[in-house]
Amino acid sequence: MKVCFVGMDNLPVLAEEFNMHGIGGEQVQQTLLAGALVRRGFEVSMVVFDYGQADRRSWSGVVTHRAFRQAAGLPVLRFVYPRWIKTWRALRRADADAYYLSCAGMQLGLVALFCRLYGRKLVFRVAHDSDCEPDALLIKYRRDRKLYEYGLRRAHLVLVQTQRQRDAMLQNYRRHSTVARMLVQAAAEPVEREVDVLWVNNLRQFKRPDLLLELARRLPRLRFCMIGGEQPGAAELYAGIAAQAAQLPNLSFSGRVPYHRMAGRYAAARVFVNTSDSEGFPNSYLQAWIHGTPTVAFFDPDGVIAREGLGHAATTLDDMAAQVAALAAGGADWQARSARCRAYMERHYAEQDVLGPYLDGLEEVCHGTSN
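As the structure is a computational prediction, the values presented were derived from the model and not from experiment.

**Student:** Go over the domain arrangement of the protein chain, please, and point to the residues and values.
**Tutor:** Domain annotation of the protein chain identifies domain 1 (2-183 + 351-367) and domain 2 (195-348). Using C-alpha coordinates to define each centre, domain 1 is positioned 27 Å away from domain 2. For the pair domain 1 and domain 2, the two sides together bury roughly 1,700 Å², of which 54% comes from carbon and sulfur. It is N19, H128 and M182 in domain 1 that bury the most area against domain 2; as a group they hold 27% of the surface buried on that side. Joining domain 1 to domain 2, the criterion identifies zero salt bridges. Listing elements by their share of the side of domain 1 that touches domain 2, those giving two or more residues are α1 (11-14), α2 (25-39), α6 (163-173) and α14 (351-367). In terms of residue count, α2 provides more of the side of domain 1 that touches domain 2 than any other element does, four residues in total.

What follows is the structure, given as structure tokens:
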């Protein structure tokens, strides 16, 4: 079976030589899934941005097809050329049986049109709770919202991260979906826990980086590390957070750190903190837990943190500060929660177990049968 991942930002995860470019959790997920499919005999390709790499170049068995440079084209006109036209050209070169996309956006509509015209299958995976909620979509233009909704209606398979997303997708879009867990990179070798509190996120307003700064002010004896890259349209936010972080002696602001260097950061942290107002299922949670790093967060997908004892689901900043301070102190409670994190990942996130819904879904949409 030939599967093509449409993930314009995937190359910095797939190819370490391009890791100076920014990524998010879904780029990690697509690349991990692509590698797992290659190991199982699938013919796998990706449509990615043009970073100057050769077209059809292969990394770890994944063939990449260049679409366009991210900043290319004139405003308004670039929607058609180069974005639409060059994306379709890359999709045709891939010549896949199934095309796989993540994240709400206009690309889903463009690929859905392509699949309808050329008789190919389309798989969409939800990346954020807002992907399932019309009034909360992280899509700026009405045109792009309509294309997303068109693509969602035309997708042959919709995958979601949580039961909450499954319910919202059915209620809001009348689309049935399948819950599919996420893959995770293997844990790094154990190292000394030299950082008390780790925060990792792209710097966007709804990620609430300001709350991490306030947490550092309230807990001056703890060592904080903040990692996150600047996002398009959020330069002012990034500059402001960086300037404030520089004034806090107990906080190290690292900016963007390449994905290939992140495993050791999770291994070296005593507590992982997430301050976001909303999320999907953060890739960072899995990376923390596989390293035995408990999580203290406002966002608890399907209640898993509270239910499994993987840290603490905070309700207020005062609550978060108290729990972070207690866990950062170490001791028996930290040891127990750390052990539960590792055990939970071993029980629920073995690669073969996670892959089931993906493999069954691809088999069903392409061949009309399931394993």
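**Student:** I'd like a rundown of the environment of Q70, residues and numbers included.
**Tutor:** Looking at the secondary structure, you find Q70 in the loop between β4 (62-66) and α3 (80-94). Separated by 13 residues in sequence, Q70 and R83 have C-alpha atoms that sit 8.8 Å apart.

**Student:** Quick one: what's the story with the packing of aromatic side chains, residue by residue and with numbers?
**Tutor:** Per the stated rule, a full pass over the model turns up 21 aromatic pairs. Ring centres of F18 and Y51 lie 6.0 Å apart, and the angle between their planes is 45 degrees; on these two criteria the pair is classed as tilted. With F18 in the loop between α1 and α2 and Y51 in the loop between β2 (43-48) and β3 (58-59), the pair connects residues that are 33 residues apart, well separated along the chain. The same class applies to F18 and to Y51, which are both buried. One aromatic cluster is present, formed by Y266, F272, F281, Y285, W289, Y344 and Y349 through successive ring pairs. Across the ring face of Y349, the terminal group of R181 is positioned such that the distance to the ring centre comes to 5.8 Å. Above the plane of the ring of W334 lies R270, whose end atom (NZ or CZ) is 5.3 Å from the centre.

Analysis parameters
Residues numbered from 1 in each chain as written. Predicted model: local features only at pLDDT ≥ 70, side-chain atom pairs only at ≥ 80, totals over all residues. Heavy atoms only, no water. Domains from an automatic or database assignment. Buried area = accessible area lost by both parts, 1.4 Å probe. Salt bridge = Lys/Arg side-chain N within 4 Å of Asp/Glu carboxyl O. Helix = DSSP H or I, 4+ residues; strand = E, 2+ residues; numbered from the N terminus. Phe/Tyr/Trp six-rings, centres within 6.5 Å; stacked < 30°, edge-to-face > 60°. Buried < 20%, exposed > 50% of the residue type's maximum accessible area, 1.4 Å probe, protein only. Lys NZ or Arg CZ within 6 Å of the ring centre and 35° of its normal.

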